[in-house]
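The chain contents come next:
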Amino acid sequence: MVASILFVLISFVCIAQNTPPPPLPPPPPGLPIDGGVLAGLCIGIVIGVKKLLKR
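Residue positions are counted from 1 within each chain, in the order its sequence is given. Restriction of local features to residues with pLDDT of at least 70 applies here, the model being predicted, together with a cutoff of 80 or more for giving and counting side-chain atom pairs; totals for whole chains, interfaces and linings are based on all residues. Side-chain measures here rest on the full set of heavy atoms in the structure, leaving out hydrogens and waters.

**Student:** Could you give me a rundown of the overall build of the chain, with the residues and numbers involved?
**Tutor:** Helix and strand content of the chain: two helices and zero strands. Burial analysis of the chain (55 residues in total) assigns 0% to the buried set. Just so you have it, the chain exposes about 5,700 Å², and 78% of that area is on carbon and sulfur atoms. For the purposes of this entry, the term helix denotes a DSSP run of H or I that reaches at least four residues, the term strand denotes a run of E that reaches at least two, and both are numbered from the N terminus. Only protein chains enter the calculation, and the probe is 1.4 Å; a residue is then buried if its accessible area is under 20% of its type maximum, exposed if over 50%, and partly exposed in between. We get accessible surface area from the Shrake-Rupley algorithm with a probe of 1.4 Å; when it comes to residues, only the shown protein chains can shield them.

**Student:** Tell me about a nonpolar patch on the surface, and please be specific about residues and values.
**Tutor:** On the surface, Met-1, Val-2, Ile-5, Leu-6, Phe-7, Val-8, Leu-9, Ile-10 and Phe-12 cluster together into a nonpolar patch covering about 1,000 Å² of accessible area. By secondary structure assignment, the location of Phe-12 is in helix α1 (residues 2-16). Using a relative accessible area of 56% as the deciding quantity, one classes Phe-12 as exposed. What makes a patch is a set of residues exposed beyond 30% relative accessible area and free of salt bridges, joined within 9 Å when like-charged and within 5 Å when nonpolar (Val, Leu, Ile, Met, Phe, Trp, Tyr). In the sections that follow, a salt bridge refers to a side-chain nitrogen of Lys or Arg positioned within 4 Å of a carboxyl oxygen of Asp or Glu.

Put into structure tokens, the structure is as follows:
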């Protein structure tokens, strides 16, 4: 009798425990370097060439 009561109580305790949530997905990668860097480099070269030619 005591063993069956303990078994029932232990089973309630086991069911009451929550399982941990699944791990979060990894964060997205950083922003890619796109045409903005290339455009800035080209504009810088054009301005530099203009300044050199004005001398």
